[in-house]
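Understanding the architecture of this molecule
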Amino acid sequence: QATLAPRLSATGRQQAAQLRERLVQEGMRFDVVVVCPLMQSIETAHVAFEGLAAKFVLSPEHTEMAKPNQDLSCLGKDWSEVEQEFPFVTEWDRSLLIEGYNWKYNGIGWTHPLPAEHRVAHFTKWLKIMKAQKVAVVGPLGILSDMLAKPIESCELVEHEI
């Protein structure tokens, strides 16, 4: 049975830790890590990038569109629940996460109200005009693969110039 907004599995935590090891070994640092507000993405960003980024920004623009009867992992939790499970997010910038506008409750969980295909170009443009030099994006594989126009794996480090 599917779980609403699941946490990382043991495999997921291991993949995030391996990514962190690689980032540390290569001496990589980031100006910004842009994180989708889903539980697995938040946990991945924290495990892999904590201490390696100057700033964390939450953005619902690169979440997948969740519909009733679809994968519940595509749905987010109420923000108070997120803060209870991950107290560190209170220090992250969530100014782009506007409840009732681009982050709405659909009767089951929280999601962006527009289909992902209507947001990918806008999100990519926003990343391009961002003043940060080195940006990491953490979110669902489907939408990140669409942005890169190629399939990617969980916790895969892909360097891409936008």
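Use the structure listed above.
Conventions we followed
Residues numbered from 1 in each chain as written. Predicted model: local features only at pLDDT ≥ 70, side-chain atom pairs only at ≥ 80, totals over all residues. Heavy atoms only, no water. Helix = DSSP H or I, 4+ residues; strand = E, 2+ residues; numbered from the N terminus. Axes fitted to C-alpha atoms, helices over the stretch in contact; angles between N-to-C directions. Left-handed = near helix turned anticlockwise from the far one by under 90°. Contact = heavy atoms within 4.5 Å. Nonpolar A, V, L, I, M, F, W, Y, C, P; charged D, E, K, R; others polar. 1 Å grid on protein atoms, 1.4 Å probe; cavity = no way out; pocket = protein on both sides within 12 Å on 5 of 7 lines; lining within 4 Å. Points joined across faces, edges and corners; volume = space filled by probe spheres on them. Pairing = 2+ DSSP bridges.

Phi is positive for A149, which is not a glycine, with a value near 60°. Here the phi dihedral of C155 falls at roughly 60°; this positive angle occurs in a residue that is not glycine. Here C155 shows up in the segment after α5 (141-148).

Turning to the packing of helix α1 (residues 10-25) against helix α2 (residues 39-49), a few remarks are in order. If you want to describe how two helices pack, look at the angle between their axes and the distance between the axes. Between α1 and α2, the shortest axis-to-axis distance is 7 Å and the interhelical angle comes to 35°. For the pair α1 and α2, the sense of crossing is right-handed. Contacts from R13, A16, A17, L19, R20 and L23 of α1 reach α2 at E43, T44, V47, A48 and F49. Counted by class, the contact of α1 with α2 contains seven nonpolar, one polar and three charged residues.

With that settled, consider the layout of surface pockets. Its boundaries defined by the atoms lining it, the largest pocket holds a volume of some 1200 Å³. What lines the largest pocket is a set of 44 residues, among which A136, V137, V138, L144 and E156 lie closest to the centre. For the lining of the largest pocket, the elements supplying multiple residues, two or more each, are α1, α2, α4 (120-129), β5 (135-138) and α5. Along the lines of polarity and charge, the residues of the lining of the largest pocket split into 24 nonpolar, twelve polar and eight charged.

A word on the sheet that holds strand β2 (residues 56-58). A sheet is described by the order of its strands in space; here three strands give the open sequence β2-β1-β5, paired in parallel fashion. Only two strands of the sheet have a single neighbouring strand rather than two, namely β2 and β5. Put simply, the sheet's adjacent strands are angled 20° from each other on average, direction ignored. Of the strand pairs in this sheet, strand β1 (residues 32-35) and β2 are connected by three bridges, and their pairing is parallel. Following the sheet pairing, V34 is matched in β2 by V57.

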